[in-house]
There are 2 protein chains.
Amino acid sequence: MTPSVAGLIIGNEVLTAKVVEANGAHLTKRLRERGLPLRMLMTVPDEVDAIVEAIDVCRRRAQWLITSGGVGPTHDDVTVRAVALALGRKVVRLPRMEALVKEHYGESATAEAMRLAEAPQGAELWDIPGHWYPVLTCERVFMLPGVPMLFKAQLEIVLQRLPTAKVELTNLYLNAGESEIASALDMVALAMPDVAIGSYPTFDPADGYRVKITVEHAERAKVSSAVERLEATLPAGSILRRE
Amino acid sequence: MTPSVAGLIIGNEVLTAKVVEANGAHLTKRLRERGLPLRMLMTVPDEVDAIVEAIDVCRRRAQWLITSGGVGPTHDDVTVRAVALALGRKVVRLPRMEALVKEHYGESATAEAMRLAEAPQGAELWDIPGHWYPVLTCERVFMLPGVPMLFKAQLEIVLQRLPTAKVELTNLYLNAGESEIASALDMVALAMPDVAIGSYPTFDPADGYRVKITVEHAERAKVSSAVERLEATLPAGSILRRE
């Protein structure tokens, strides 16, 4: 399997539009910058069975899974339990996490605060400079907090340990409609199936083009070859510009 | 099953951050305004097997499924095929859609343009005032285009035919941390399981509170009763304000 990531946003507040979801967009952008393919992005409610099913789906599609939200001490924080269930592991208290919680909360550490020390059996903790709460990870699942500031900080620690890759991209802007260029795209896409070719129409005259073609591959030579084929196959004069 | 909707965003351009996804956020907002619960939101690539699996997952979780993207005449438009597969139906050409495509494109209608007339067998067309391209729907799946302007126009036609509901919501803003209030939330959430209670911490001092509690139900009386219980159970003086 090519290195790839799935993202799982957990939280009723997102599905009920109480907050505008930002972590999925941030994850998408950062993965792209690192050249790591995002295979799937899901948003589910704070319900164990929905989360377990989503984890299964994501793990079949991608090597790593980054979750956002549902870690904390309250009744609606069920991510750890769901990840443990999905991985067939027990929920245990990590001694190191217990020590961190006691150190952070001091005398005021309630019984509920100790829930923060719970994790799927065998989980690892990765420290984050400047934060008391480490990244919690188990079997290539990263359980990140939903608070955007914390999600961002933890994501960078995770990304440092995942591979990076190059992505080469060329865009063609056309003054022809999709139905006029579809047969040319068919031919090139069929001849070069490992090159990702996308076709995106716009109906807003202010954009100054009618269709944008994206041509993408890890190797520049493959992209160039596909672009040459497109230039030879697309209707004469239909290409406005290449970027 | 309570009336509910799932959303499925289809498109490599979203997962590769080539565009900032807007249809999922718009769908979330509009469903909330209509009081229709959004059960799940998924984003998958332009790949038939990934889309078929996502449709299965969404349809088990929600009564209606609204998809965005992948309808069009090019090689990367595979939504109709995937929906047909997921529903166990053949892909056919709808005679009415053939007529509409011919009318729209006139003499320049290519063989590829006629792909726009393809649909799962038994699909229905719902007309949209001012647009030539109708809403394509089959077995409670609505196949909307990904272009945001078209998605928005089609979504309104769909929403007009789906039920609406009331949502009553009260927010409590607290100056206590989650671990101090977790036992109170546990008790009220356990006593009133049909009331949706959410707990959202912030670590930004500028917000002026530490945790926001959301209390939600279709009936105002249920919300009021849960809020009263919370006010009686939460640590004395921890509630800054109620909205």
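The rules behind the values
- Residues numbered from 1 in each chain as written.
- Chains lettered and ligands numbered in written order.
- Predicted model: local features only at pLDDT ≥ 70, side-chain atom pairs only at ≥ 80, totals over all residues.
- Heavy atoms only, no water.
- Helix = DSSP H or I, 4+ residues; strand = E, 2+ residues; numbered from the N terminus.
- Rg over C-alpha atoms; globule rule 2.2 N^0.38 Å.
- Buried < 20%, exposed > 50% of the residue type's maximum accessible area, 1.4 Å probe, protein only.
- Contact = heavy atoms within 4.5 Å.
- Areas by Shrake-Rupley, 256 points an atom, 1.4 Å probe, with all protein chains shown as cover.
- Lys, Arg positive; Asp, Glu negative; His and termini not counted.
- Charge placed at Lys NZ, Arg CZ, Asp CG, Glu CD.
- Least-squares fit on C-alpha atoms with pLDDT ≥ 70 in both.
- Axes fitted to C-alpha atoms, helices over the stretch in contact; angles between N-to-C directions.
- Parallel < 35°, antiparallel > 145°, perpendicular 65-115°, else oblique.
- Left-handed = near helix turned anticlockwise from the far one by under 90°.
- Nonpolar A, V, L, I, M, F, W, Y, C, P; charged D, E, K, R; others polar.
- Salt bridge = Lys/Arg side-chain N within 4 Å of Asp/Glu carboxyl O.
- Core = buried A, V, L, I, M, F, W, Y, C linked by side-chain atoms within 4.5 Å.
- Pairing = 2+ DSSP bridges.

S.K.: How do you make sense of the overall build of chain A when you look at a structure like this?
M.R.: A count of helices and strands for chain A gives eight helices and twelve strands. Against the 2.2 N^0.38 benchmark of 18 Å for 243 residues, chain A shows a C-alpha radius of gyration of 22 Å, more extended than a compact globule. In terms of principal-axis extent, the alpha carbons of chain A reach across some 75 × 35 × 35 Å. Taking all 243 residues of chain A together, 53% fall into the buried category. In chain A, 68% of the contacts between residues at least 6 apart in sequence involve partners at least 24 apart. Of the roughly 10,500 Å² of accessible surface on chain A, a fraction of 51% belongs to carbon and sulfur atoms. Each charge class in chain A can be summarised by its mean position, and for the 27 positive and 31 negative side chains these summaries are 4 Å apart.

S.K.: Help me understand the side chain of T214 of chain A, please; the structure alone is not making it clear to me.
M.R.: With respect to the helices and strands, T214 of chain A occurs in strand β11 (residues 211-217). For T214 of chain A, a relative accessible area of 2% translates into the label buried.

S.K.: Honestly, the relation of the copies chain A and chain B in this entry has me stumped. Any pointers?
M.R.: Taken together, a rotation about one axis and a shift along it account for how the two chain copies relate. Each copy of the sequence occupies a distinct position, and chain A is placed on chain B by a rotation of 180° and an axial shift of 0.0 Å, giving an RMSD of 0.0 Å. Taken together, the rotation and translation describe the operation of a two-fold axis. Nearest to the rotation axis, the C-alpha of M42 of chain A is located 2.2 Å from it, this being the minimum over chain A. Mapped onto chain B, 100% of the interface residues of chain A are again interface residues, and the two copies thus contact each other with one and the same surface.

S.K.: Just checking my understanding: could you explain the packing of helix α3 (residues 48-61) of chain A against helix α4 (residues 79-87) of chain A for this structure?
M.R.: When two helices pack together, their arrangement is captured by the angle between the axes and the distance separating the axes. Residues and elements named next belong to chain A. Between α3 and α4, the least distance of the axes is 9 Å, while the angle of their chain directions is 50°. Accordingly, the angle class assigned to the pair α3 and α4 is oblique. As α3 packs across α4, the resulting crossing turns out to be right-handed. When α3 is examined against α4, the residues V48, I51, V52, I55, D56 and R59 are found in contact with a partner set consisting of R81, A82, V83, L85, A86 and L87. Here the residues of the contact of α3 with α4 sort into nine nonpolar, no polar and three charged.

S.K.: Looking at this structure, how should I read the pattern of salt bridges?
M.R.: Proximity of charged atoms lets side chains of opposite charge pair with each other. Residue and element names in this part refer to chain A. Applying the stated rule across the entire model yields 38 salt bridges over all chains. When the shortest N-O distance is used, the salt bridge between R59 and E139 registers 3.2 Å. Pair noted here: R59 is in helix α3 and E139 is in the loop between β7 (135-138) and β8 (141-144), with a separation of 80 residues, a long-range link. Judged by relative accessible area, R59 falls into the partly exposed class, the value being 27%.

S.K.: How should the nonpolar core be read in this particular structure?
M.R.: If you look at soluble globular proteins, the nonpolar side chains tend to sit buried side by side. Among the nonpolar cores identified, the biggest contains 74 residues, and L8, M42 and V44 of chain A together with L8, M42 and V44 of chain B are the most heavily contacted of them. If sequence neighbours within four positions are ignored, L8 of chain B has contacts with M42, V44, I51, A54, I55, L65, I66, T67 and S68 of chain B.

S.K.: Help me understand the sheet that holds strand β10 (residues 196-201) of chain A, please; the structure alone is not making it clear to me.
M.R.: Hydrogen bonding along the main chain pairs the strands of a sheet, whether they run parallel or antiparallel. Residue and element names in this part refer to chain A. One open sheet holds the four strands; their spatial order is β10-β11-β9-β12, and the pairing between them is antiparallel. Where the open sheet ends on each side, the last strands, each with one partner, are β10 and β12 (239-242). Averaged over neighbouring strand pairs, the angle between their axes works out to 20° when direction is ignored. Sheet topology note: the β10/β11 ladder contains six bridges and is antiparallel. Each bridged residue has a counterpart across the sheet, and for S199 the counterpart in β11 is I213. Sheet strands in contact with helix α7 (residues 178-191) are β9 (168-174), β10 and β11, and its direction is about 175° off that of β10.

S.K.: Quick question: what am I supposed to make of unusual backbone geometry here?
M.R.: With glycine set apart, most residues show a phi of negative sign, and most peptide bonds adopt trans. Residue and element names in this part refer to chain A. Positive phi, normally seen in glycine, also occurs at A17, with a value near 60°. The residue A17 is located in the loop between α1 (12-15) and α2 (23-34) in this model. For R140, which is not glycine, the phi dihedral falls at a positive 65°. Tracing the sequence through the fold places R140 in the loop between β7 and β8. Looking at R140, the relative accessible area reads 46%, which means it is partly exposed.

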